[in-house]
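Fold and contact review
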Amino acid sequence: MTKDHELSDLTNKTTMMITFNYPPQIGGIETLVHDIVGNYPGRVIVLAPRQKGCEDFDRVQKYETVRVLCPSSSLFRIPFFFLQAFLICRKNQIHHIQSANIFPAVVSMLISRLFKISYSIFAMGKEVYVLNTALRSKMYRRLFQKVLCSADRILSISDFTSGEVLKLGVKRERIFKIPSGIDTKALDKFDSQRFLDFKNRVTRELRIENRQIILTIARLVERKGQDYVIRAMQKVALTNPQAVYIVVGGGPERQRLEHLVDELGLREYVKFAGRVPDEDIVCYYRFAQIFILASRLVEATADVEGFGQVFLEANYCGLPVIGGRSGGIVDSVEHGKTGFLVDPEDAEDIARAIVVLLNDSQLRESFGVYGRKRVIEQFDHGCTVEAVKKGLGGVYL
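Residues numbered from 1 in each chain as written. Predicted model: local features only at pLDDT ≥ 70, side-chain atom pairs only at ≥ 80, totals over all residues. Heavy atoms only, no water.

1. A few points about the sheet that holds strand 9 (residues 243-248)
Taken in spatial order, the six strands of this open sheet run 10-9-8-11-12-13, and their pairing is parallel. For this open sheet the edge positions go to strand 10 (270-274) and strand 13 (339-342), each flanked by a neighbour on one side alone. Taken over all neighbouring pairs, the strand axes of this sheet differ in orientation by 20 degrees on average, direction set aside. (Pairing = 2+ DSSP bridges. Helix = DSSP H or I, 4+ residues; strand = E, 2+ residues; numbered from the N terminus. Axes fitted to C-alpha atoms, helices over the stretch in contact; angles between N-to-C directions.)

This is how it looks when you write it as structure tokens:
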């Protein structure tokens, strides 16, 4: 029996998901994996790290979760997960293994060979891109190249990621692109009175009354590109003095970014909101006029954006978006329809895009309307689940 036939014959059987990223930890991979396993029609066993609050989270899920006490390093986790996966396969008839990344896929490959089970891998971005650089040893690259090429399916979240997987020798017919969808229902939880209270509080705290808001929601790390947006605000302030850039999020770049703001004399035009509660995120989207994330490739660390779900969230909330033309962002931003793609290391290019949108309310509205429609039709979580079903050749039917 061929591997492809095995995959198409998995309906209502048992799947094991091996993941190093899983709730209650917060993140894009965590959310994606949780939503997918929640839609399996058959039995599911999730193998995930033990973490604070996991007992309460696991108790309310409709599938079984086995937690592994292990180190935080991805490579050092492999033997701990292998032992637990081996025990699970000894006690259960597992028909397919899914891995949420290339690191747990090492376990999947070994278990696959021992028990003759098919396996698939979700490919996100950086973890694959770095294999095509000189930042990893030849032995490291060969290991994960073997893991990827041995998989029955690679589920990629962007054309960029698919291209990086192809460079590693994976056959094109085994790579399936899936939309990295968002939870639109969570963004629909909007209370008008709470928003009014939020708006009054943030306006008062940040001193931004009667301003046009340009918004970034992201960790403060080099890849996210807040520094070039701050530099662009020098240009924007000359023609649009009512504009203000609100930076939501925390991270190691905070001090450097604040020094940059002081150096450029932009305290009136750049405001740091810091980390905010999850319930405030949708309020910030509703409060702003433009969303921007000028992410770039940081070659020194091979840090790159695999996709960019925040653009979809902003679009769904009616905002036009501006994204850095790098990595998988070209899949999440449809240039000239949902927003603009810009050179993430060109402050003048970024400033031009911001000014165009600030000065054209009809264009902002048209980008927002089309962007929301596009998310509903192509990037809702349901779209992701259906794409995974198709990619795995019937496992979800």
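2. Re helix 10 (residues 192-206)
The terminal C-alpha atoms of helix 10 lie 21 Å apart, and with 15 residues this matches the ideal 21 Å at 1.5 Å per residue to within 8%. Within the sequence span of helix 10, burial applies to Phe195, Phe198, Val202, Thr203 and Leu206. Along the axis of helix 10, the buried positions cluster into a sector of 125 degrees, meaning they face one direction only. The elements touched by buried residues of helix 10 are strand 9, strand 10 and helix 13 (278-287). At the N-terminal end of helix 10, a side-chain oxygen is found 3.2 Å from the backbone nitrogen of Gln193, two or three residues along, and the residue is Asp191. (Expected span 1.5 Å × (residues − 1). Buried < 20%, exposed > 50% of the residue type's maximum accessible area, 1.4 Å probe, protein only. Arc of directions from axis to C-beta. Contact = heavy atoms within 4.5 Å. Polar contact = N/O pair within 3.5 Å; in protein donor to acceptor, adjacent residues only side chain to side chain.)

3. Some remarks on the sheet that holds strand 4 (residues 96-99)
Read from one edge of the open sheet, seven strands run 3-2-1-4-5-6-7, paired in parallel fashion. Looking at which strands have only one partner, the edges of the open sheet turn out to be strand 3 (64-68) and strand 7 (175-177). Each adjacent strand pair in this sheet contributes to an overall mean axis angle of 20 degrees, direction not counted. By the bridge criterion, five bridges tie strand 2 (residues 44-49) to strand 3 in an arrangement that is parallel. Pairing of Pro49 across the sheet is with Val68, part of strand 3. Taken strand by strand, helix 8 (residues 159-167) contacts strand 5 (118-123), strand 6 (153-156) and strand 7, and its axis lies near 170 degrees from that of strand 7.

4. What to know about the pattern of salt bridges
The tally for this structure, following the rule as stated, stands at 26 salt bridges. The salt bridge involving Asp280 is made with Arg194; its shortest N-O contact spans 2.8 Å. Linking Asp280 in helix 13 with Arg194 in helix 10, this pair joins segments that are 86 residues apart in sequence. Classification of Arg194 by relative accessible area gives partly exposed; the value is 32%. (Salt bridge = Lys/Arg side-chain N within 4 Å of Asp/Glu carboxyl O.)

5. Focus: the confidence of the model for the protein chain
The predicted model of the protein chain averages 93 in pLDDT, with 96% of residues at 70 or higher. Segment residues 1-10: pLDDT under 50, and 19 contacts once partners within four positions in sequence are set aside and those in other chains are kept. (pLDDT = per-residue confidence, 0-100.)

6. Digging into the packing of helix 10 against helix 13
Between helix 10 and helix 13, whose axes approach to 10 Å, the crossing angle comes to 75 degrees. Of the possible angle classes, the one that applies to helix 10 and helix 13 is roughly perpendicular. Taking contact as the criterion, the partners of Arg194, Phe195, Phe198, Lys199, Arg201, Val202 and Thr203 in helix 10 are, on helix 13, Glu279, Asp280, Cys283, Tyr284, Arg286 and Phe287. Of the residues assigned to the contact of helix 10 with helix 13, the class counts are six nonpolar, one polar and six charged. (Parallel < 35°, antiparallel > 145°, perpendicular 65-115°, else oblique. Nonpolar A, V, L, I, M, F, W, Y, C, P; charged D, E, K, R; others polar.)

7. Concerning the environment of Leu293
With respect to the helices and strands, the residue Leu293 is situated in strand 11 (residues 290-293). Accessibility expressed as a relative area gives 1% for Leu293, which makes it buried. Here the alpha-carbon distance between Leu293 and Cys149, two residues 144 residues apart in the chain, equals 33 Å. Setting aside residues no more than four positions away along its own chain, Leu293 makes contact with Thr216, Ala218, Lys224, Glu305, Val310, Phe311, Ile322, Gly323, Gly324 and Ile329.

8. Quick notes on the nonpolar core
Most often, soluble globular proteins keep nonpolar side chains buried together rather than apart. Judged by nonpolar contacts, the single largest core of 59 residues is most densely connected at Val37, Leu215, Tyr285 and Phe291. Dropping the residues within four chain positions of it, Tyr285 is found in contact with Leu215, Ile217, Phe291, Val310, Glu313, Ala314, Cys317 and Leu319. (Core = buried A, V, L, I, M, F, W, Y, C linked by side-chain atoms within 4.5 Å.)

9. Points about the packing of aromatic side chains
By the definition in use, this model includes 16 aromatic pairs. Measuring from centroid to centroid gives 4.8 Å for Phe198 and Tyr284, while their planes differ by 80 degrees, and the two rings are edge-to-face. Of this pair, Phe198 sits in helix 10 while Tyr284 sits in helix 13, and the two are 86 residues apart along the sequence. Side by side, Phe198 and Tyr284 carry an identical accessibility label, which is buried. Taken together, the ring pairs in this structure connect Phe190, Phe195, Phe198, Tyr284 and Phe287 into an aromatic cluster. (Phe/Tyr/Trp six-rings, centres within 6.5 Å; stacked < 30°, edge-to-face > 60°.)

10. Here we look at helix 11 (residues 226-239)
Taking 1.5 Å per residue, 14 residues should reach 20 Å; helix 11 reaches 20 Å between its end C-alpha atoms and fits that length. Taking the largest bend as the criterion, helix 11 deviates by roughly 30 degrees, centred on Met233. Among the residues making up helix 11, those that are buried are Gln226, Asp227, Val229, Ile230, Ala232, Met233, Val236 and Ala237. Contacts from the buried residues of helix 11 go to strand 8 (212-217), strand 9, helix 12 (254-264), strand 10, strand 11 and helix 16 (347-358). (Bend = angle between axes of the 7 residues up to and from the residue.)

11. A look at the environment of Gln98
Relative to the helices and strands, Gln98 is located in strand 4. What makes Gln98 buried here is its relative accessible area of 0%.

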